[in-house]
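# Structural characterization, general
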Amino acid sequence: MPGNRRGPEYSIILPTYNEKDNLPICLWLIEKCMKDTGYSYEVIIVDDASPDGTQDIAKQLIKEFGEEKIILKPREGKLGLGTAYIHGMKFARGNFIILMDADLSHHPKFIPEMIRLQKQKNYDIITGTRYSLGGGVVGWDLRRKFLLQPGVSDLTGSFRLYKKDILAKLISESVSKGYVFQMEMMFRAKKHGFTIGEVPITFVDRFFGESKLGAQEVISYAKGLLYLFFTVS
Amino acid sequence: MFPILRALNADLVPRLFIISRALTTEAAVSNHTPDELLLTLATPDEDLKMATQFQIYLTKITPILFVWIVTYFSGIPHSFEIFIATPIVLIGLLGIYAVYSVIAGVLRFRNCEEAKVELIREIDEARADLKRRNVKLD
């Protein structure tokens, strides 16, 4: 379905801090992956006063890609992820919001897949999961239902597509900081009964060439799970 | 059956839980009588509608505990050792399953080697294209 003539259908919110090297690649990839899909989009860059010149390169890219496609909405300082999303949403013209990282760990090639899946069953939320379930699905269903009943296999992921009003509701209700905030949003979404679809994604940490999952993340994930288990109602 | 259980879980049981906890602690620290506290708590409150996962788990574990204890004191012949060992073994199995599922998750984590190679190629392609379009990169 072609985009709304009055504005883009999909708003990609990109919080940035010191991403002068990755931002141009990220925007180039978004353009490349969305160009032939027929989906209309915009990218809203929320930069927290990066000292490395991220905003200068952003302005150059706006000149090149167009003011309709890329919008820069800077902030005065490092103010956190949740408020960055809220700030970006104020200017978003689309009915859907896509949240992703600008450091190339999230590849824009998965965005059309997320959009396609969302259209299939009119999902409220599509989340990219790094824990793609191949075989042995029965065992995984048991595991997912076990501790928190979240219904998503990757609670800490931050590469997601939301309907705009649903994202606004979840952000206003969530109180945690950092990536536990991502988990809390998913958890509350499940509690509200929102429909959630999953798209398997690959997650590349360029500098070390391996996935970002390590012992530390497992421990933090467990701590976040326990916090949600005992406190979120 | 499940809608009824869900309704109970979501409303009545946490309400009782919160009321009983509030009465015992509040009565101890405040000057209000339990009747006054009950009145304040009887007014509908948005916060009482949902329970934490922990509270929901308590409502499920408590009847099982109850059945288990009653079995011990009933006439069914069994040994004391089995009575003590059963919950410990069950919890141990639960722990093993939890550890297994975490390890299996780590092992199933997709090998991102191909993705990394492709990304590096795309980065070079992007930089070349952007240079052509007069975007100044470092």
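Summary of the structure given here. The structure displayed is predicted, hence computed values, not measured ones.

The rules behind these values
- Residues numbered from 1 in each chain as written.
- Chains lettered and ligands numbered in written order.
- Predicted model: local features only at pLDDT ≥ 70, side-chain atom pairs only at ≥ 80, totals over all residues.
- Heavy atoms only, no water.
- Helix = DSSP H or I, 4+ residues; strand = E, 2+ residues; numbered from the N terminus.
- Buried < 20%, exposed > 50% of the residue type's maximum accessible area, 1.4 Å probe, protein only.
- Contact = heavy atoms within 4.5 Å.
- Areas by Shrake-Rupley, 256 points an atom, 1.4 Å probe, with all protein chains shown as cover.
- Pairing = 2+ DSSP bridges.
- Right-handed = clockwise from strand over helix to strand, strands pointing away.
- Axes fitted to C-alpha atoms, helices over the stretch in contact; angles between N-to-C directions.
- Parallel < 35°, antiparallel > 145°, perpendicular 65-115°, else oblique.
- Left-handed = near helix turned anticlockwise from the far one by under 90°.
- Nonpolar A, V, L, I, M, F, W, Y, C, P; charged D, E, K, R; others polar.

## Some remarks on the overall build of chain A
In terms of regular secondary structure, chain A is built from 8 helices and 7 strands. Taking all 233 residues of chain A together, 56% fall into the buried category. The contacts in chain A between residues at least 6 apart in sequence include a share of 81% that link residues at least 24 apart.

## A few points about the overall build of chain B
Within chain B one finds 5 helices and 0 strands. Looking at chain B residue by residue over its 138 residues, the buried ones come to 20%. A fraction of 47% describes how many contacts in chain B between residues 6 or more apart in sequence connect residues 24 or more apart. Accessible surface, chain B as shown: approximately 10,300 Å² in total, 71% of it carbon and sulfur.

## Some words on the environment of A:Ala58
All names here are of chain A. Here Ala58 is to be found in helix H2 (residues 54-65). Given the relative accessible area of 1%, Ala58 is considered buried. Each C-alpha atom of the pair Ala58 and Asp47 lies 9.5 Å from the other, and the pair is 11 residues apart in sequence. In contact with Ala58, other than residues within four places in its own chain, are Leu23, Ile45 and Leu72.

## Quick notes on the pairing of strand E2 (residues 41-47) of chain A
Residues and elements named next belong to chain A. Across the 7 residues of E2, 7 count as buried, placing the element largely inside the fold. The alternating pattern of E2 places Tyr41, Val43, Ile45 and Asp47 and Glu42, Ile44 and Val46 on opposite faces, both of which are buried. Judged from the 7 bridges that link them, strand E1 (residues 10-16) and E2 form a sheet pairing that is parallel. Bridge pairing links Ser11 to Glu42 in E2. Strand direction decides the pairing type here: E2 and strand E3 (residues 70-72), joined by 3 bridges, are parallel. If you follow Val43 over to E3, its bridge partner there is Ile70. Regarding topology, H2 serves as the crossover connection from E2 to the parallel E3, and that connection is right-handed.

## As for the sheet that holds E1(A)
Residues and elements named next belong to chain A. Read from one edge of the open sheet, 7 strands run E3-E2-E1-E4-E6-E5-E7, paired in mixed fashion. Each of the sheet's edge strands pairs with one partner strand only, and the pair in question is E3 and strand E7 (196-200). Each adjacent strand pair in this sheet contributes to an overall mean axis angle of 20°, direction not counted. Sheet analysis places strand E5 (residues 125-129) next to E7, joined by 5 bridges and oriented parallel. Bridge assignment links Gly128 to a residue of E7, and that residue is Val199. Against the sheet, helix H1 (residues 22-34) makes contact with E1, E2 and E3, and its axis sits at roughly 165° relative to E2, the strand it touches most. Contacts from helix H6 (residues 164-173) reach strand E4 (96-99), E5 and strand E6 (160-163), with the element oriented near 100° to E6.

## Some details on the packing of H1(A) against H2(A)
All names here are of chain A. Contact geometry for H1 and H2: axes closest at 10 Å, N-to-C directions at 25°. Between H1 and H2, the crossing angle belongs to the class labelled roughly parallel. Between H1 and H2 lies a crossing whose hand is right-handed. Contacts between H1 and H2 involve Leu23, Pro24, Leu27, Trp28 and Glu31 on the former and, on the latter, Thr54, Ile57, Ala58, Leu61 and Phe65. When its residues are assigned to classes, the contact of H1 with H2 shows 8 nonpolar, 1 polar and 1 charged.

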